[in-house]
Every structure is written in C-alpha cells, then in structure tokens.
Amino acid sequence: MKTTKEISRKKLLGIAGLGWMFDAMDVGILSFIIAALQKEWNLTTSEMGWIGSVNSIGMAVGALVFGLMADRVGRKRVFIITLLLFSVGSGLSAFTTSLALFLILRFIIGMGLGGELPVASTLVSESVPAHERGRVVVLLESFWAGGWLIAALISYFVIPSYGWQAALLLSALPAFYALYLRMKLPDSPRFQAINVSKQKESPLKKIAKVWAKPYVKQTIMLWILWFCVVFSYYGMFLWLPSVMVMKGFSLIKSFQYVLIMTLAQLPGYFLAAYLIERAGRKFVLITFLVGTAVSAYFFGNAETLPLLLTSGIFLSFFNLGAWGALYAYTPEHYPTEVRGTGSGLAASFGRVGGILGPLTVGYLVTADVPIHTIFFIFAVSILIGALAVLLLGEETKQKELV
C-alpha cells in the first residue's frame, strides 16, 4: 500500500511535470513554426535566428527575475505566475500577423518559460529525500521529451493542414489545466522552514551570497556549463527542421525525421535517471555531454539519410539526458535561502548562450558557412562544458540540502 508521502511525491512530480511538458511543447513547436513562418512571411535566415534569440532573451530575464522572486515570496507563487505568463503569451501569439508583434510575445513567453524551469527543479529538489532527489528531478525533466514529442506530432499533422496558428493554440490551452492543478500544490517545506528575515533579504545581497567564497567555484562551473549547454541546444534544436530542409528534404519530410529523432529523448532521460543515483552527477553529465558532442559532429557531416537519422537520434538521446542531470545538479550547490537565486542566475547566464546560438546559425548560414562547420562549433562548446564539470565540479550525489 502506498504511503501518503509517496502519493504526494508522485502528485508533485505529475503537476510540475505537466507544466514542464507544456513548456517543451511550446519550444518544440517553435522550431517547426520558424520553418513554416519562413515560407509564409518570407523571412531571411537572420530574422529566423532572431525568433529563437528573442525567446532566449525573455528566458534570461525570466530566470533572473523569477529566481530572485522565488527566494522572496516562495516557489509555488512564482510557479503559478510563470505558467500564466507562458500560457497567455502563447495563446495570443497565434493571432499575430507581423514579425514585430510575434517577437514581443515570444519575449513574454520566454520570461515565463525561463522563470519556471529553474524554480520547478528547485521546488522538486527541496521536496524529496536526498537518496532519490537526482532521479526524481531527471524524471521531471523527462516530461520535456514528452512535450517535444507532442510538439512534433502536432507539427507533422496540424501545421501542414491547419496552419501554425492552430498548433500554437493547441499548445497553450492545456497549460491552463496545469495552472489549475498547480494552485493546489503546497510550497517547498524547506522554503517554509527558513527564517523570514532570510526570505526578505535584498536581491543584491542574495546575488552577493551566490558569489561569496563558499560558492564561487561551483558558481563559475555552473555558469560555464549552462552557457555551453544552452548555446548548443538552442542553436542546434531550434534549427533542426530548417537544417533538414537545407539538406534537401521537404518541409513535411523534415518534420517526419525530426519526430523520429525526438523519440530518442525519452530513453536518454530514463538512462540518466537510472545512472544518476548510482554513478553520480559528474559521471552522467560528462558522459552524456561527450556523447552529445560526438553526435553533433556526425550530424553536421552526415550526407546520407541513414547517417543523418542515426546521428540525430543519438544527438537527442545524449543531449536531453545531459539536460536532466543539469537540472538535478544545479540546485544542490546552494543553501535554501539562495537556492532559487543561484539556480536562476546560472540559468539566466545560460540563456545568453540561447540568444547567441540561434543568431549564430542564422548569420553563419547567411555567410554561406557549411552546416558541418556550424555543428563543429556546437560540439566544441559542449566539450568545454564537460571540461568545466570535470575540473571544477563537485559530486553532490545524496548530498543533504541545507
């Protein structure tokens, strides 16, 4: 018979995971919508790059603002605010007819998304025991793969027949249900237990604590890691359907092939969840990041469909497994009173990479730089992140949070 704690833990994972899944649907659908908008609005490759980058600018601002807010007013309240921002912005963007308005709404959506992800992982980290914390947070991140899979299915079946507007509406409406469920969620027990005076410390004081001597080494490591992972992820994955088109496939075929690649995300998460409490955070991060770098290199150089699909499948498998470990690893480096701030700052700096990644692809493609050179740049970036973990990272497996 299940205990009350087991049931509430599963409820927490389900409710947090639903919001995570709808966020992933939006990011996933955006990668397909960029390819569709290019044809409908006659966008240049630079303009296509800006769509992804504006989304990441919003995420950078959201991670910083809402990370600080989470340490002041609580994880649950910020959890609700960020999902509301995302849901409303996503729904409204379905009715835009100009690139300028679409970019403004993508900024708002990005703020909600960028704020929610680190706060969600912080809330879940603080609500489960140390011996299963890593596994549960990676399982939370696995909802991202479910969202991408749904996004790929919607894009494949809906966009060609009903347009990108219908796809955006489909991604926004279910998020309101997750919002309803989230209102009944209790706040983090660790946040509720800390001294009120620590909750009300100024944002500048909290930022200073993150860079204080006890945490400076892990803060430097996390900022490098987040930048490299986000730079490469948004550079590669937001452009995947468009890259397939550049390699000579039709829009429909590119959607189909990306759908196949997306399926590989789930086993990547599950293997990371299995290994993270056995082999440790550092082992999982380094192994999966190196796997991502090798896959990115082969994907960029692939000339045949079998090699393209195989390397794309491994790219999804390793990259998303690394993401799961990243979200488990980050909150474990800070005490409760600055955990939201520390996680939010790392994610916010990472989002600078998310701004530069899509723009880099857009400008390099415009300059006729070969696809294999672009993906080599991303492979090197990922290896730098792995090196930062190897040299500066501390193992936090089964570490008790304070």
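None of the values given here were measured: they were computed from a predicted structure. (Residues numbered from 1 in each chain as written. Predicted model: local features only at pLDDT ≥ 70, side-chain atom pairs only at ≥ 80, totals over all residues. Heavy atoms only, no water.)

### Considering helix α3 (residues 75–93)
So, step 1. Compared with an ideal rise of 1.5 Å per residue, which puts 19 residues at 27 Å, α3 spans 27 Å between its outermost C-alpha atoms and is within 8% of the ideal.
So, step 2. Inspection of α3 places Arg-75, Val-78, Phe-79, Ile-80, Thr-82, Leu-83, Phe-86, Ser-87, Gly-89, Ser-90, Gly-91 and Ser-93 among the buried residues, and these make up the whole buried set. (Helix = DSSP H or I, 4+ residues; strand = E, 2+ residues; numbered from the N terminus. Expected span 1.5 Å × (residues − 1). Buried < 20%, exposed > 50% of the residue type's maximum accessible area, 1.4 Å probe, protein only.)

### Description of helix α2 (residues 45–73)
So, step 1. Along its 29 residues, α2 runs 41 Å from first to last C-alpha, staying within 8% of the 42 Å computed at 1.5 Å per residue.
So, step 2. Looking one or two residues beyond α2, the residue adopting positive phi is Gly-74, at roughly 110 degrees.

### A few points about the nonpolar core
So, step 1. With 127 residues, the main nonpolar core has Ile-51, Phe-102, Trp-144, Trp-226 and Trp-323 as its most contacted residues.
So, step 2. In this structure, Phe-66, Val-78, Met-111 and Val-119 belong to the second largest nonpolar core, which totals 5 residues. (Core = buried A, V, L, I, M, F, W, Y, C linked by side-chain atoms within 4.5 Å.)

### Looking at the packing of α2 against helix α4 (residues 99–125)
So, step 1. At a closest axis distance of 6 Å, the pairing of α2 and α4 adopts a crossing angle of 40 degrees. Judged by the angle between their axes, α2 and α4 are oblique. Read as a crossing pair, α2 and α4 show a hand that is right-handed.
So, step 2. Of the residues belonging to the contact of α2 with α4, the class tally is 19 nonpolar, 6 polar and 2 charged. (Axes fitted to C-alpha atoms, helices over the stretch in contact; angles between N-to-C directions. Parallel < 35°, antiparallel > 145°, perpendicular 65-115°, else oblique. Left-handed = near helix turned anticlockwise from the far one by under 90°. Nonpolar A, V, L, I, M, F, W, Y, C, P; charged D, E, K, R; others polar.)

### What to know about the side chain of Ser-348
So, step 1. Within the secondary structure, Ser-348 sits in helix α17 (residues 336–366).
So, step 2. Among the residues examined, Ser-348 registers a relative accessible area of 10% and is labelled buried.

### Some remarks on a nonpolar patch on the surface
So, step 1. Side chains of Trp-211, Ile-220, Ile-224, Val-290, Val-294, Tyr-297, Phe-298, Leu-307, Phe-376, Val-380, Leu-383 and Ile-384 sit close together on the surface and give an oily, nonpolar patch of about 980 Å² of accessible area.
So, step 2. At the level of elements, α11 (216–237), α15 (281–301) and α18 (371–392) are the ones that each hand at least two residues to the nonpolar patch.
So, step 3. Of note, Leu-307 is situated in helix α16 (residues 305–329).
So, step 4. Its relative accessible area of 35% is what places Leu-307 among the partly exposed residues. (Patch = residues over 30% accessible without salt bridge, like charges linked within 9 Å, V, L, I, M, F, W, Y side chains within 5 Å. Areas by Shrake-Rupley, 256 points an atom, 1.4 Å probe, with all protein chains shown as cover. Salt bridge = Lys/Arg side-chain N within 4 Å of Asp/Glu carboxyl O.)

### What about the layout of surface pockets?
So, step 1. Here the largest pocket defines a volume of roughly 240 Å³.
So, step 2. Forming the boundary of the largest pocket are 14 residues, of which Ser-8, Arg-9, Leu-12, Ser-127 and Pro-186 lie nearest the centre.
So, step 3. Class assignment of the residues belonging to the lining of the largest pocket gives a composition of 7 nonpolar, 3 polar and 4 charged. (1 Å grid on protein atoms, 1.4 Å probe; cavity = no way out; pocket = protein on both sides within 12 Å on 5 of 7 lines; lining within 4 Å. Points joined across faces, edges and corners; volume = space filled by probe spheres on them.)

### Examining the confidence of the model for the chain
So, step 1. For the chain, mean pLDDT is 85; residues scoring 70 or higher make up 96% of the total.
So, step 2. Of all helices and strands in the chain, the one with the weakest mean pLDDT is helix α9 (residues 196–199) (63), whereas α18 scores best (96). (pLDDT = per-residue confidence, 0-100.)

### Thoughts on the packing of aromatic side chains
So, step 1. Taken as a whole, this structure holds 25 aromatic pairs when the rule is applied.
So, step 2. Each ring, one from Tyr-297 and one from Phe-298, has its centre 5.6 Å from the other, and the planes form 80 degrees; the classification is edge-to-face.
So, step 3. Assessed through its relative accessible area of 40%, Tyr-297 is described here as partly exposed.
So, step 4. Between the aromatic rings of Phe-375 and Phe-378, the centroid separation amounts to 6.1 Å while the plane-to-plane angle is 85 degrees, which identifies the pairing as edge-to-face. Of the two residues, Phe-375 and Phe-378 are both situated in helix α18; the distance of 3 residues between them amounts to about one turn of the helix. (Phe/Tyr/Trp six-rings, centres within 6.5 Å; stacked < 30°, edge-to-face > 60°.)

### Some thoughts on the environment of Lys-209
So, step 1. By the element assignment, Lys-209 lies in helix α10 (residues 203–210).
So, step 2. On a C-alpha basis, the gap between Lys-209 and Val-338 in space is 7.5 Å, while along the polypeptide they are 129 residues apart.
So, step 3. When sequence neighbours within four positions are dropped, the list of residues in contact with Lys-209 reads Glu-201, Tyr-215, Glu-337 and Val-338. (Contact = heavy atoms within 4.5 Å.)

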